[in-house]
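# Structural features, examined
In case you want the letters, here they are:
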Amino acid sequence: MTLEERIERALAEVRPYLESDGGGIELVRVDVPRVYVRLLGACHGCSVNQTTLKLGVENSVRSHAPEIEEVVALDHEA
């Protein structure tokens, strides 16, 4: 399984939680040791999105891809 596939699997695990709050997440690019994502829907601009990103998304990604050290959320324009 490729690194990108492992990261997509990690995002698939957290996606239902984000969707239950009207949000979502998409993988933008992988640049080891970082993964760049875009938060969608209600998650974009949400005041707790950095907490969600660090606790939920980053932990899930690290469990599937230990070589990733950080998950970075990009603005819609980036």
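A brief structural summary. Bear in mind the structure is a predicted one, so any value in this text is a computation, not a measurement. (Residues numbered from 1 in each chain as written. Predicted model: local features only at pLDDT ≥ 70, side-chain atom pairs only at ≥ 80, totals over all residues. Heavy atoms only, no water.)

## Structural notes on the overall build of the protein
What counts, and what does not: Strands are runs of DSSP state E lasting at least 2 residues, helices are runs of H or I lasting at least 4, and numbering of each runs from the N terminus. All accessible areas in this document rest on Shrake-Rupley with a 1.4 Å probe, and a residue is counted as covered only by the protein chains that are shown.
On a plain count of helices and strands, the protein comes out with two helices and three strands. Along its sequence from the N terminus, the protein presents helices and strands in the succession α-β-β-α-β. Accessible surface computed for the protein: about 4,500 Å², of which carbon and sulfur atoms make up 49%.

## Some thoughts on the packing of aromatic side chains
We apply this condition: Ring pairs are drawn from Phe, Tyr and Trp, using the six-membered ring of Trp, whenever the two centres fall within 6.5 Å, and their geometry is named by plane angle: stacked under 30 degrees, edge-to-face over 60, tilted for the rest. Two conditions define a charge sitting above a ring: the NZ of Lys or the CZ of Arg must be within 6 Å of the ring centre, and it must be within 35 degrees of the ring normal.
The tally for this structure, following the rule as stated, stands at zero aromatic pairs. Here the basic side chain of R29 rests over the ring of Y36, its NZ or CZ set 4.0 Å away from the ring centre.

## As for the nonpolar core
Threshold: The term nonpolar core refers to a set of buried residues drawn from Ala, Val, Leu, Ile, Met, Phe, Trp, Tyr and Cys, joined through side-chain atoms within 4.5 Å. Burial here depends on accessible area, computed with a 1.4 Å probe over protein chains only, as a share of the maximum for the residue type. Under 20% is buried, over 50% is exposed, and the range in between is partly exposed. Note on contacts: a residue pair is in contact if any heavy atoms of the two residues lie within 4.5 Å.
Grouped together as the largest cluster of nonpolar side chains are 15 residues, with contacts concentrated most on I7, L11, I25, V35, V37, V57 and V61. Of all elements in the fold, only α1 (3–20), β1 (23–31), β2 (34–41) and α2 (49–64) reach the threshold of two or more residues within this core. A per-element tally of this core places α1 first, with five residues. In this structure I7 touches L27, V30, V35, V61, A65 and I68, once residues within four positions along its chain are discounted.

## Quick word on the sheet that holds β2
Operational definition: Strands are treated as partners if at least two bridges between them are detected by DSSP. An axis is simply a line fitted to the C-alpha atoms; with a helix, the fit covers only the stretch in contact. Between two such axes, the angle follows the N-to-C directions and lies from 0 to 180 degrees.
Across the sheet, which stays open at both edges, the three strands sit in the order β1-β2-β3 with mixed pairing between neighbours. The open sheet is flanked by β1 and β3 (70–74), the only strands paired with a single partner. In this sheet, adjacent strand axes meet at a mean angle of 30° when their direction is disregarded. Packing against the sheet, α1 makes contact with β1 and β2, and its axis sits at approximately 160° to β1.

## A few points about the environment of L18
For L18, the position within the fold is in helix α1. Separated by 24 residues in the primary sequence, L18 and A42 have C-alpha atoms spaced 8.5 Å apart.

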